[in-house]
Amino acid sequence: MKHFDLPLSEQDLALLRAGDCVTLSGTIYTARDCAHKRLISLLNENKPLPVPQGALIYYAGPCPAPAGKACGSCGPTTSARMNSFAPRLLDEGIGGMIGKGEMSEETRQAIIRNGKIYFAAIGGAGATYSNAIIKSECVAFPDLLSEAVYRMQVKDFPVVVAYDRSGGSVYRD
């Protein structure tokens, strides 16, 4: 298993191939459907995103943190629900996504066009993922509760490269 520190560099992205099992350490951001609608609204209004250039967006809504933990269960949600937003966000500079399941051909082409990445996380493993989260802070849209945008520090967060920057796909290949 390969390990990468975030944000991913161009050299990191060049090494990653569909099917690679990797762990990630660094900063990721969560956003689900409602947050994505607001992110696109910010872009339409020429306002800055709460997610910096090159960052990974994790399609997840963390549960409240139990005592002594950074967050509660935090498993991936179905990525296909973000297909209408992902190409624009990739074109605007996000570094890639982490989610569950296949995404559209339009999203895959946006990944290739922008030289980015899509990682698959394991559905049903929310408790395992929460153990890899060492810090969590709401940074945008707190009224959305678990669907708000959270900045998370992760250590050894396990994922699989689902779509790589050169067109490889675990769902096709």
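Keep in mind it's a predicted model, so treat the numbers as computed, not measured. (Residues numbered from 1 in each chain as written. Predicted model: local features only at pLDDT ≥ 70, side-chain atom pairs only at ≥ 80, totals over all residues. Heavy atoms only, no water.)

Caption draft 1: Focus on the overall build of the protein. Broken down by element type, the protein carries five helices and seven strands. When the helices and strands of the protein are listed from N to C terminus, the series reads β-α-β-α-β-α-β-α-β-α-β-β. Its C-alpha atoms give the protein principal-axis dimensions of about 40 × 40 × 25 Å. For the protein, with 173 residues in total, the buried portion stands at 51%. Across the protein, contacts joining residues at least 24 apart in sequence account for 60% of those joining residues at least 6 apart. When the accessible area of the protein is evaluated, it comes to approximately 7600 Å², of which 52% is carbon and sulfur surface. Charged side chains in the protein number 18 positive and 17 negative. The centres of these two groups are separated by 3 Å. (Helix = DSSP H or I, 4+ residues; strand = E, 2+ residues; numbered from the N terminus. Buried < 20%, exposed > 50% of the residue type's maximum accessible area, 1.4 Å probe, protein only. Contact = heavy atoms within 4.5 Å. Areas by Shrake-Rupley, 256 points an atom, 1.4 Å probe, with all protein chains shown as cover. Lys, Arg positive; Asp, Glu negative; His and termini not counted. Charge placed at Lys NZ, Arg CZ, Asp CG, Glu CD.)

Caption draft 2: Structural context of the pattern of salt bridges. Scanning the entire structure with this criterion turns up eleven salt bridges. A salt bridge links Lys2 to Asp20; the nearest nitrogen and oxygen atoms lie 3.2 Å apart. With Lys2 in strand 1 (residues 2–5) and Asp20 in the loop between helix 1 (10–15) and strand 2 (21–30), the pair connects residues that are 18 residues apart, well separated along the chain. The partly exposed category is assigned to Lys2, whose relative accessible area is 37%. The shortest N-O distance in the salt bridge between Asp91 and Arg113 comes to 3.0 Å. With Asp91 in helix 3 (residues 86–91) and Arg113 in helix 4 (residues 105–114), this pair connects stretches of sequence that are 22 residues apart. (Salt bridge = Lys/Arg side-chain N within 4 Å of Asp/Glu carboxyl O.)

Caption draft 3: Focus on helix 4. Looking at helix 4, one finds that the buried residues are Thr107, Arg108, Ala110 and Ile111. An end-on view of helix 4 places all buried positions within 155 degrees of arc, on one side of the element. For helix 4, exposure combined with an orientation more than 90 degrees from the buried face picks out Glu106 and Arg113. Structurally, helix 4 contributes buried residues whose contacts are with helix 3, strand 4 (96–99), strand 5 (117–120) and strand 7 (149–163). Positive backbone phi, approximately 65 degrees, marks Gly115, located one or two places after helix 4. (Arc of directions from axis to C-beta.)

Caption draft 4: The arrangement of the side chain of Arg108 in detail. Looking at the secondary structure, you find Arg108 in helix 4. Residue class for Arg108 comes out buried when judged on its relative accessible area of 8%. In contact with Arg108, not counting residues within four places along its chain, are Tyr163, Gly167, Ser169 and Arg172.

Caption draft 5: Representation of the nonpolar core in the model. Counting 57 residues, the largest nonpolar core has Leu24, Ile28, Tyr58, Met97, Ile98, Phe119 and Phe157 as its most contacted members. Setting aside chain neighbours within four positions, we find Ile98 in contact with Leu24, Ile28, Leu56, Ile57, Tyr58, Tyr59, Tyr118, Phe119, Ala121, Phe157 and Val159. (Core = buried A, V, L, I, M, F, W, Y, C linked by side-chain atoms within 4.5 Å.)

Caption draft 6: Representation of unusual backbone geometry within the structure. Each neighbour pair has its own omega, and for Leu6 with Pro7 the value is 0 degrees, a cis peptide bond. Relative to the helices and strands, Pro7 resides in the loop between strand 1 and helix 1. Positive phi outside glycine occurs at Asn46, with the angle close to 55 degrees. With respect to the element layout, Asn46 can be found in the loop between helix 2 (33–44) and strand 3 (56–58). The backbone phi angle of Phe141 is positive, close to 60 degrees, even though this residue is not glycine. By the secondary structure assignment, Phe141 is in the loop between strand 6 (133–140) and strand 7. Judged by relative accessible area, which is 15%, Phe141 ranks as buried.

Caption draft 7: Examining the packing of aromatic side chains more closely. Within the structure shown, the criterion is met by five aromatic pairs. Taking 6.3 Å as the distance between ring centres and 55 degrees as the angle between the ring planes, the aromatic pair formed by Tyr58 and Tyr129 counts as tilted. Placement of the pair is Tyr58 in strand 3 and Tyr129 in helix 5 (residues 126–131), with a sequence separation of 71 residues. Across the pair, Tyr129 and Tyr58 agree in class, each one buried. Taking 5.8 Å as the distance between ring centres and 75 degrees as the angle between the ring planes, the aromatic pair formed by Tyr163 and Tyr171 counts as edge-to-face. Look at Tyr163 and you get buried, because its relative accessible area is 1%. Taking the relative accessible area as the measure of exposure, Tyr171 reaches 31% and is therefore partly exposed. Grouping aromatic residues by their ring pairs yields a cluster made of Tyr58, Tyr129 and Phe157. (Phe/Tyr/Trp six-rings, centres within 6.5 Å; stacked < 30°, edge-to-face > 60°.)

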